[in-house]
Amino acid sequence: MSGLSRRSFLHASGLAFLALAARRLAALVRPGPEDDVPWKVQQVLKQLFGDRQIQAGHVQLDVPTVAADGRVVPVMIESDLPMSADHYVKAVHLLVDNNPDIHLAEFRLTPQIGQAFVSTRIKMRMTSPVRAIVETSDGALWSAAADVRVTVNGCG
Amino acid sequence: MGAAEMPPPLELGAARILVPTAIRRGDVIDVRALVEHPMATGLFRDPEGKPIPAHFINDVSVMYGDQEAAHFVWTSGVSRDPFVEFSLRADREAALTFTWKDNKGGVFQQSVDIRFI
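Conventions we followed
Residues numbered from 1 in each chain as written. Chains lettered and ligands numbered in written order. Predicted model: local features only at pLDDT ≥ 70, side-chain atom pairs only at ≥ 80, totals over all residues. Heavy atoms only, no water. Helix = DSSP H or I, 4+ residues; strand = E, 2+ residues; numbered from the N terminus. Contact = heavy atoms within 4.5 Å. Areas by Shrake-Rupley, 256 points an atom, 1.4 Å probe, with all protein chains shown as cover. Buried area = accessible area lost by both parts, 1.4 Å probe. Polar contact = N/O pair within 3.5 Å; in protein donor to acceptor, adjacent residues only side chain to side chain. Nonpolar A, V, L, I, M, F, W, Y, C, P; charged D, E, K, R; others polar. Pairing = 2+ DSSP bridges. Salt bridge = Lys/Arg side-chain N within 4 Å of Asp/Glu carboxyl O. Buried < 20%, exposed > 50% of the residue type's maximum accessible area, 1.4 Å probe, protein only. Axes fitted to C-alpha atoms, helices over the stretch in contact; angles between N-to-C directions. Core = buried A, V, L, I, M, F, W, Y, C linked by side-chain atoms within 4.5 Å. Phe/Tyr/Trp six-rings, centres within 6.5 Å; stacked < 30°, edge-to-face > 60°. Lys NZ or Arg CZ within 6 Å of the ring centre and 35° of its normal. Arc of directions from axis to C-beta.

Caption draft 1: Region of interest: the overall build of chain B. Looking only at helices and strands, one finds 0 helices and 7 strands in chain B. Listing every helix and strand of chain B by position from the N terminus yields β-β-β-β-β-β-β. Residue pairs at least 24 apart in sequence account for 58% of intrachain contacts in chain B once pairs closer than 6 positions are excluded. A total accessible area of about 6,000 Å² is found for chain B, and carbon and sulfur atoms account for 52% of it.

Caption draft 2: Structural context of the interface of chain A and chain B. With 31 residues of chain A in contact, the opposing surface of chain B contributes 34 residues. Taking both sides of the interface into account, the surface hidden between chain A and chain B amounts to around 2,600 Å²; carbon and sulfur atoms contribute 50%. Of all residues in chain A, the largest losses of buried area upon contact with chain B belong to Q112(A), R121(A) and K123(A), amounting jointly to 26% of the total for that side. One can count 17 residue pairs in polar contact (both at pLDDT 80 or more) joining chain A with chain B. Put simply, the parts of the chain that give the side of chain A that touches chain B at least two residues each are strand 6 (103-109) and strand 7 (117-122) of chain A. Its residues assigned to classes, the side of chain A that touches chain B comprises 15 nonpolar, 10 polar and 6 charged. As defined by bridge partners, strand 7 of chain A adjoins strand 5 (residues 83-90) of chain B across 3 bridges and the pair is classed as antiparallel.

Caption draft 3: Here's a closer look at the pattern of salt bridges. Residues and elements named next belong to chain A. Scanning all chains against the criterion turns up 10 salt bridges over all chains. Put simply, R52 and E135 hold a salt bridge, and the shortest N to O gap is 3.1 Å. With R52 in the loop between helix 2 (39-49) and strand 1 (54-56) and E135 in strand 8 (residues 128-136), this pair connects stretches of sequence that are 83 residues apart. On the accessibility criterion, E135 (9% relative accessible area) is buried.

Caption draft 4: Quick look at the sheet that holds strand 5 of chain B. Taking strand neighbours across the sheet as the criterion, the 6 strands line up as 2(A)-4(A)-7(A)-5(B)-2(B)-1(B) in an open arrangement whose pairing is antiparallel. Unpaired on one side and paired on the other, strand 2 (59-62) of chain A together with strand 1 (15-18) of chain B mark the two borders of the sheet. The mean angle between the axes of side-by-side strands here comes to 15°, regardless of whether they run parallel or antiparallel.

Caption draft 5: Representation of the nonpolar core within the structure. Formed by 61 residues in total, the largest nonpolar core has its most connected members in L109(A), F72(B), W74(B), L96(B), F98(B), W100(B) and I114(B). Looking at this core, the element that brings in the most residues is strand 9 (residues 141-150) of chain A, giving 5 residues. Apart from residues no more than four positions distant in its own chain, F98(B) is found in contact with I17(B), V31(B), A33(B), V60(B), S61(B), V62(B), V84(B), F86(B), F108(B), Q109(B) and Q110(B). Of all hydrophobic cores here, the second largest spans 8 residues; its members include F49(A), L95(A), I133(A) and L141(A).

Caption draft 6: Examining unusual backbone geometry more closely. With phi around 60°, H58(A) is a residue other than glycine that occupies positive phi space. Overall, H58(A) belongs to the partly exposed group, its relative accessible area being 35%. Despite not being glycine, D81(B) shows a phi value in the positive range, around 50°.

Caption draft 7: Fine view of the side chain of R131(A). Within the element layout of this structure, R131(A) appears in strand 8. Here the side chain of R131(A) touches D97(A) through a polar contact of 2.8 Å, side chain to side chain.

Caption draft 8: Layout of the packing of aromatic side chains. Evaluated as defined, the whole model comprises 5 aromatic pairs over all chains. Note on F86(B) and F98(B): the rings are 6.0 Å apart at their centroids and 40° apart in plane angle, and the pair reads as tilted. Residue F86(B) is located in strand 5, and its partner F98(B) is located in strand 6 (residues 94-102); the two are separated by 12 residues in the primary sequence. Of the two residues, F86(B) and F98(B), neither departs from the other in class, the shared state being buried. Each member of the aromatic cluster is reached from another via a ring pair, and the members are F107(A), F72(B), W74(B), F86(B), F98(B) and W100(B). One residue, R92(B), lies across the ring of Y64(B), its end atom 4.2 Å from the ring centre.

Caption draft 9: Region of the structure containing helix 2 of chain A. Residue and element names in this part refer to chain A. For helix 2, the full list of buried residues reads V41, V44, L45 and F49. Angularly, the buried residues of helix 2 cover 105° about the axis, an arc narrow enough to put them on a single face. The exposed residues of helix 2 that point more than 90 degrees off its buried face are W39 and Q47. Looking at the packing, one finds that the buried side of helix 2 touches strand 1, strand 5 (89-96), strand 6, strand 8 and strand 9. In the stretch just after helix 2, G50 is the one whose phi turns positive, near 65°.

This is how it looks when you write it as C-alpha coordinates:
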(Lines give C-alpha, C1' and ligand atoms only; values in the text may rest on other atoms or scores of the structure.)
Protein backbone atom coordinates (compact mmCIF):
# COMPACT_ATOMS: atom_id res chain seq x y z
CA MET A 1 0.00 0.00 0.00
CA SER A 2 1.48 3.36 -0.96
CA GLY A 3 1.68 6.12 1.60
CA LEU A 4 -0.50 8.34 -0.55
CA SER A 5 -3.49 6.01 -0.71
CA ARG A 6 -3.14 5.31 2.99
CA ARG A 7 -3.22 9.02 3.63
CA SER A 8 -6.23 9.53 1.41
CA PHE A 9 -7.97 6.66 3.19
CA LEU A 10 -7.33 8.32 6.53
CA HIS A 11 -8.55 11.56 5.07
CA ALA A 12 -11.74 10.01 3.81
CA SER A 13 -12.48 8.15 7.01
CA GLY A 14 -11.77 11.31 8.99
CA LEU A 15 -14.22 13.24 6.86
CA ALA A 16 -16.84 10.53 7.22
CA PHE A 17 -16.42 10.63 10.99
CA LEU A 18 -16.73 14.41 10.99
CA ALA A 19 -19.89 14.24 8.91
CA LEU A 20 -21.37 11.71 11.31
CA ALA A 21 -20.42 13.79 14.33
CA ALA A 22 -21.91 16.89 12.73
CA ARG A 23 -25.18 15.09 12.15
CA ARG A 24 -25.21 13.87 15.74
CA LEU A 25 -24.58 17.37 16.95
CA ALA A 26 -27.33 18.83 14.76
CA ALA A 27 -29.75 16.26 16.14
CA LEU A 28 -28.74 17.26 19.67
CA VAL A 29 -29.19 20.95 19.00
CA ARG A 30 -32.50 20.50 17.22
CA PRO A 31 -34.49 17.62 18.73
CA GLY A 32 -37.08 19.13 16.36
CA PRO A 33 -40.73 18.26 16.55
CA GLU A 34 -40.49 19.48 12.92
CA ASP A 35 -38.83 16.25 11.90
CA ASP A 36 -41.39 13.97 13.46
CA VAL A 37 -44.95 14.90 12.51
CA PRO A 38 -47.58 12.42 13.77
CA TRP A 39 -50.03 10.95 11.28
CA LYS A 40 -53.07 12.82 12.71
CA VAL A 41 -51.22 16.13 12.32
CA GLN A 42 -50.10 15.24 8.80
CA GLN A 43 -53.79 14.74 7.93
CA VAL A 44 -54.67 18.20 9.26
CA LEU A 45 -51.77 19.78 7.36
CA LYS A 46 -52.84 18.01 4.18
CA GLN A 47 -56.38 19.33 4.61
CA LEU A 48 -55.11 22.87 5.14
CA PHE A 49 -52.33 23.05 2.59
CA GLY A 50 -52.66 20.04 0.27
CA ASP A 51 -49.29 18.83 -0.89
CA ARG A 52 -47.58 22.21 -0.57
CA GLN A 53 -44.18 21.98 1.05
CA ILE A 54 -43.72 23.46 4.53
CA GLN A 55 -40.21 24.69 5.28
CA ALA A 56 -38.70 25.39 8.66
CA GLY A 57 -37.61 29.01 9.16
CA HIS A 58 -38.75 32.65 9.15
CA VAL A 59 -41.01 31.94 12.14
CA GLN A 60 -40.28 32.59 15.76
CA LEU A 61 -42.53 30.71 18.16
CA ASP A 62 -42.41 31.70 21.81
CA VAL A 63 -44.01 29.24 24.23
CA PRO A 64 -43.05 28.17 27.74
CA THR A 65 -41.11 24.88 27.97
CA VAL A 66 -43.22 23.98 30.99
CA ALA A 67 -46.80 25.21 31.43
CA ALA A 68 -47.99 24.90 35.02
CA ASP A 69 -51.63 25.47 34.00
CA GLY A 70 -52.82 23.96 30.72
CA ARG A 71 -55.81 26.31 30.73
CA VAL A 72 -53.68 29.37 30.04
CA VAL A 73 -50.56 28.88 27.95
CA PRO A 74 -49.15 32.07 26.40
CA VAL A 75 -48.16 31.79 22.74
CA MET A 76 -46.33 34.38 20.67
CA ILE A 77 -45.70 33.99 16.95
CA GLU A 78 -43.54 36.38 14.99
CA SER A 79 -42.11 36.34 11.49
CA ASP A 80 -39.41 38.39 9.80
CA LEU A 81 -41.25 38.08 6.47
CA PRO A 82 -42.33 41.40 4.93
CA MET A 83 -45.79 42.95 5.33
CA SER A 84 -45.81 45.09 2.17
CA ALA A 85 -48.71 45.58 -0.21
CA ASP A 86 -47.67 42.84 -2.63
CA HIS A 87 -45.68 40.51 -0.34
CA TYR A 88 -47.19 39.78 3.01
CA VAL A 89 -48.08 37.12 5.54
CA LYS A 90 -51.70 36.34 4.84
CA ALA A 91 -52.25 33.79 7.60
CA VAL A 92 -50.72 32.47 10.79
CA HIS A 93 -51.85 28.97 11.78
CA LEU A 94 -51.51 27.56 15.28
CA LEU A 95 -51.58 23.78 15.79
CA VAL A 96 -51.33 21.67 18.93
CA ASP A 97 -50.68 17.99 18.20
CA ASN A 98 -52.33 16.49 21.29
CA ASN A 99 -55.40 18.75 21.62
CA PRO A 100 -58.95 17.72 20.63
CA ASP A 101 -58.86 20.47 17.98
CA ILE A 102 -55.41 20.20 16.44
CA HIS A 103 -55.86 23.30 14.26
CA LEU A 104 -56.47 25.58 17.21
CA ALA A 105 -56.56 28.97 15.57
CA GLU A 106 -55.99 30.81 12.34
CA PHE A 107 -55.11 34.50 12.16
CA ARG A 108 -55.73 35.99 8.71
CA LEU A 109 -53.73 39.15 8.21
CA THR A 110 -53.47 41.95 5.64
CA PRO A 111 -50.62 44.39 4.82
CA GLN A 112 -52.41 46.84 7.15
CA ILE A 113 -51.09 44.75 10.05
CA GLY A 114 -47.62 46.16 9.44
CA GLN A 115 -45.68 43.42 11.17
CA ALA A 116 -46.30 39.67 11.22
CA PHE A 117 -46.85 39.23 14.93
CA VAL A 118 -49.64 37.56 16.91
CA SER A 119 -49.88 36.75 20.58
CA THR A 120 -52.63 34.90 22.44
CA ARG A 121 -53.35 32.43 25.25
CA ILE A 122 -54.40 28.86 24.60
CA LYS A 123 -55.52 25.66 26.35
CA MET A 124 -53.49 22.48 26.23
CA ARG A 125 -54.80 19.06 27.20
CA MET A 126 -51.39 17.50 27.75
CA THR A 127 -47.73 17.74 26.91
CA SER A 128 -47.48 18.35 23.18
CA PRO A 129 -45.60 19.91 20.33
CA VAL A 130 -47.00 23.34 19.37
CA ARG A 131 -46.63 24.37 15.74
CA ALA A 132 -46.84 27.77 14.08
CA ILE A 133 -47.21 27.85 10.31
CA VAL A 134 -47.03 31.09 8.40
CA GLU A 135 -48.58 31.37 4.95
CA THR A 136 -47.42 34.15 2.63
CA SER A 137 -49.45 35.92 -0.06
CA ASP A 138 -47.51 34.04 -2.74
CA GLY A 139 -48.34 30.70 -1.15
CA ALA A 140 -45.06 29.85 0.61
CA LEU A 141 -45.35 28.04 3.96
CA TRP A 142 -42.88 28.54 6.80
CA SER A 143 -42.99 26.90 10.20
CA ALA A 144 -41.58 26.57 13.68
CA ALA A 145 -42.37 24.07 16.41
CA ALA A 146 -41.65 23.67 20.10
CA ASP A 147 -42.51 21.18 22.82
CA VAL A 148 -44.57 22.36 25.80
CA ARG A 149 -44.77 20.21 28.92
CA VAL A 150 -48.16 20.52 30.58
CA THR A 151 -48.78 19.60 34.20
CA VAL A 152 -52.50 20.53 34.51
CA ASN A 153 -54.94 19.50 31.76
CA GLY A 154 -56.69 22.54 30.31
CA CYS A 155 -59.21 20.91 27.97
CA GLY A 156 -61.28 18.44 29.99
CA MET B 1 -60.71 18.75 37.49
CA GLY B 2 -60.72 22.21 38.99
CA ALA B 3 -64.44 21.99 39.81
CA ALA B 4 -63.89 23.36 43.31
CA GLU B 5 -62.02 26.35 41.95
CA MET B 6 -64.65 28.98 41.15
CA PRO B 7 -63.62 31.42 38.44
CA PRO B 8 -64.52 35.10 38.97
CA PRO B 9 -67.98 36.11 37.67
CA LEU B 10 -68.14 36.66 33.97
CA GLU B 11 -69.81 39.51 32.16
CA LEU B 12 -70.40 37.87 28.81
CA GLY B 13 -69.16 39.98 25.93
CA ALA B 14 -67.61 42.78 27.99
CA ALA B 15 -64.59 43.81 25.95
CA ARG B 16 -61.52 45.98 26.23
CA ILE B 17 -59.24 47.19 23.44
CA LEU B 18 -55.92 48.76 24.28
CA VAL B 19 -53.91 50.93 21.87
CA PRO B 20 -51.04 53.35 22.65
CA THR B 21 -52.07 56.81 23.82
CA ALA B 22 -49.69 58.71 21.54
CA ILE B 23 -49.79 57.56 17.92
CA ARG B 24 -48.07 59.24 14.98
CA ARG B 25 -49.20 58.71 11.40
CA GLY B 26 -47.44 55.64 9.99
CA ASP B 27 -46.56 54.09 13.33
CA VAL B 28 -46.85 50.33 13.62
CA ILE B 29 -48.75 50.13 16.88
CA ASP B 30 -49.52 47.33 19.29
CA VAL B 31 -53.20 46.40 19.63
CA ARG B 32 -54.46 44.26 22.52
CA ALA B 33 -58.02 43.07 22.89
CA LEU B 34 -59.85 40.94 25.42
CA VAL B 35 -63.47 39.86 25.55
CA GLU B 36 -65.09 38.13 28.50
CA HIS B 37 -66.31 34.74 27.36
CA PRO B 38 -66.33 31.25 28.91
CA MET B 39 -64.81 29.56 25.81
CA ALA B 40 -66.42 26.32 27.01
CA THR B 41 -65.08 23.29 25.15
CA GLY B 42 -68.08 21.07 25.84
CA LEU B 43 -65.75 18.55 27.49
CA PHE B 44 -66.14 19.73 31.10
CA ARG B 45 -68.88 19.01 33.63
CA ASP B 46 -70.30 21.36 36.23
CA PRO B 47 -70.05 20.56 39.98
CA GLU B 48 -73.36 18.63 39.75
CA GLY B 49 -71.92 16.44 37.02
CA LYS B 50 -73.96 17.86 34.17
CA PRO B 51 -71.97 18.45 30.98
CA ILE B 52 -71.28 22.11 30.20
CA PRO B 53 -72.25 22.67 26.56
CA ALA B 54 -69.68 24.06 24.15
CA HIS B 55 -69.82 27.86 24.05
CA PHE B 56 -66.93 29.64 22.41
CA ILE B 57 -65.97 32.46 20.08
CA ASN B 58 -65.10 31.10 16.66
CA ASP B 59 -64.89 34.22 14.52
CA VAL B 60 -63.25 37.60 15.12
CA SER B 61 -63.23 40.45 12.65
CA VAL B 62 -61.05 43.55 13.01
CA MET B 63 -62.21 46.52 10.92
CA TYR B 64 -59.99 49.58 10.51
CA GLY B 65 -62.32 52.25 9.13
CA ASP B 66 -64.22 50.48 6.38
CA GLN B 67 -61.53 47.89 5.64
CA GLU B 68 -60.94 44.57 7.31
CA ALA B 69 -57.41 44.54 8.71
CA ALA B 70 -57.50 41.04 10.19
CA HIS B 71 -59.81 38.11 10.66
CA PHE B 72 -59.36 35.31 13.16
CA VAL B 73 -60.85 31.82 13.15
CA TRP B 74 -60.79 30.25 16.58
CA THR B 75 -61.76 27.02 18.31
CA SER B 76 -62.55 26.41 21.98
CA GLY B 77 -58.79 25.84 22.36
CA VAL B 78 -58.31 29.56 22.93
CA SER B 79 -58.33 30.33 26.68
CA ARG B 80 -61.29 31.71 28.64
CA ASP B 81 -61.67 35.49 28.22
CA PRO B 82 -59.80 35.27 24.90
CA PHE B 83 -56.95 37.69 24.52
CA VAL B 84 -55.18 38.63 21.32
CA GLU B 85 -52.36 41.00 20.57
CA PHE B 86 -51.08 42.03 17.15
CA SER B 87 -49.66 44.97 15.21
CA LEU B 88 -51.39 47.60 13.11
CA ARG B 89 -49.99 50.14 10.68
CA ALA B 90 -51.77 53.31 11.82
CA ASP B 91 -51.83 55.28 8.55
CA ARG B 92 -55.20 57.01 8.93
CA GLU B 93 -57.52 58.28 11.62
CA ALA B 94 -60.39 55.84 11.84
CA ALA B 95 -62.25 53.57 14.20
CA LEU B 96 -60.79 50.17 15.01
CA THR B 97 -63.73 47.84 15.54
CA PHE B 98 -63.66 44.29 16.84
CA THR B 99 -66.60 41.94 16.28
CA TRP B 100 -66.50 38.66 18.17
CA LYS B 101 -69.01 35.97 17.22
CA ASP B 102 -69.66 32.77 19.15
CA ASN B 103 -71.05 29.35 18.21
CA LYS B 104 -74.44 30.14 19.80
CA GLY B 105 -75.05 33.24 17.70
CA GLY B 106 -73.71 35.73 20.24
CA VAL B 107 -72.20 38.87 18.70
CA PHE B 108 -70.07 41.26 20.74
CA GLN B 109 -68.61 44.50 19.47
CA GLN B 110 -66.18 47.09 20.75
CA SER B 111 -64.22 49.90 19.08
CA VAL B 112 -61.56 52.48 19.73
CA ASP B 113 -60.67 55.53 17.71
CA ILE B 114 -57.21 55.70 16.19
CA ARG B 115 -56.23 59.39 16.47
CA PHE B 116 -52.88 61.02 15.77
CA ILE B 117 -51.14 63.45 18.09
